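For reference, the chains in residue letters:
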Amino acid sequence: MSASRRRLLRIDDVFDLAARGLVLAPSLPLGDGVCADDPDAVLRRADGTERACGLRVELTHLRRAHGSAWERVCVLRGIGREEVAPGDVLWCVDEVVTRLMGAAPGDAELPPPRRSRDQP
């Protein structure tokens, strides 16, 4: 039986940092600064296809034009840059999302992938 999953974030942009992996935008709210790993995260593409990937949520220090800030960023591993696009959605096991973002009773479980018209 597979674990229940919740949506963590909808991807706006992705940056390939060779030493780190694929860093996603937007970053997560800093909150209490909790970080987490989900080796079984799922990337759901706009066309309904899915791709397994590893996720590491970590703290990073950013320098900006108007000062610097600490943020939590999502870093994907085990997936190529060409496989991630704006609008894709990252799903994680429920306990990881709860740890990072808190309880969200209205969040749905990961729905089954859409079938193409050619599939029975």
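Residues numbered from 1 in each chain as written. Predicted model: local features only at pLDDT ≥ 70, side-chain atom pairs only at ≥ 80, totals over all residues. Heavy atoms only, no water.

Turning next to the overall build of the chain. For the chain, the helix and strand inventory stands at one helix and seven strands. Taken from N to C terminus, the helices and strands of the chain fall in the order β-β-β-β-β-β-β-α. Out of the 120 residues in the chain, the part that is buried amounts to 39%. Long-range pairs, those at least 24 residues apart, make up 63% of the contacts in the chain with a sequence separation of at least 6. On the chain, roughly 7,400 Å² of surface is accessible, and the fraction owed to carbon and sulfur atoms is 52%. (Helix = DSSP H or I, 4+ residues; strand = E, 2+ residues; numbered from the N terminus. Buried < 20%, exposed > 50% of the residue type's maximum accessible area, 1.4 Å probe, protein only. Contact = heavy atoms within 4.5 Å. Areas by Shrake-Rupley, 256 points an atom, 1.4 Å probe, with all protein chains shown as cover.)

So, about helix α1 (residues 94-101). For α1, the set of buried residues is Val96, Val97 and Leu100. Buried residues of α1, viewed axially, fall in a sector of 95°; they line one side. Exposed residues pointing more than 90 degrees away from the buried face of α1 are listed as Glu95 and Arg99. A positive backbone phi angle near 90° is found at Gly102, which sits one or two residues after α1. (Arc of directions from axis to C-beta.)

This part takes up the side chain of Glu58. Mapping Glu58 onto the fold places it in strand β5 (residues 50-64). Within polar-contact distance, the side chain of Glu58 engages the side chain of Arg20 at 2.4 Å. With residues up to four places along the chain from it excluded, the contact list for Glu58 reads Arg20, Cys35, Glu71, Arg72, Val73, Val75 and Arg77. (Polar contact = N/O pair within 3.5 Å; in protein donor to acceptor, adjacent residues only side chain to side chain.)

The subject of this paragraph is the pairing of strand β3 (residues 21-25). With respect to burial, β3 is a largely interior element, five of its five residues being buried. Relative to β3, strand β2 (residues 13-17) runs antiparallel, the two sharing five bridges. Its bridge partner being in β3, Asp16 is matched across the sheet by Leu22. (Pairing = 2+ DSSP bridges.)

To continue, consider the nonpolar core. Leu8, Leu55, Leu76, Val84 and Leu90 are the most contacted members of the largest nonpolar core, which has 24 residues in total. Among all residues touching Val84, those that are not within four sequence positions of it are Ile11, Val14, Leu22, Leu24, Leu43, Leu76 and Ile79. (Core = buried A, V, L, I, M, F, W, Y, C linked by side-chain atoms within 4.5 Å.)

Summarising the model, the chain shows a mean pLDDT of 83, and 82% of its residues fall at 70 or more. Across the chain, the element-wise mean pLDDT spans from 86 in strand β6 (residues 67-77) up to 95 in strand β7 (residues 89-93). (pLDDT = per-residue confidence, 0-100.)

With that out of the way, let us pick up the pattern of salt bridges. Two side chains bearing opposite charge may form a pair once their charged atoms approach each other closely. Following the criterion strictly, the structure yields seven salt bridges and no others. Taking the shortest distance from any N to any O, the salt bridge between Arg6 and Asp94 comes out at 3.1 Å. A residue pair is termed long-range when its members are at least 10 positions apart, and Arg6 in strand β1 (residues 5-10) and Asp94 in helix α1 qualify at 88 residues. Exposure remark for Asp94: the relative accessible area of 29% places this residue in the partly exposed category. The residue Glu58 makes a salt bridge to Arg56 at a minimum N-O spacing of 4.0 Å. (Salt bridge = Lys/Arg side-chain N within 4 Å of Asp/Glu carboxyl O.)

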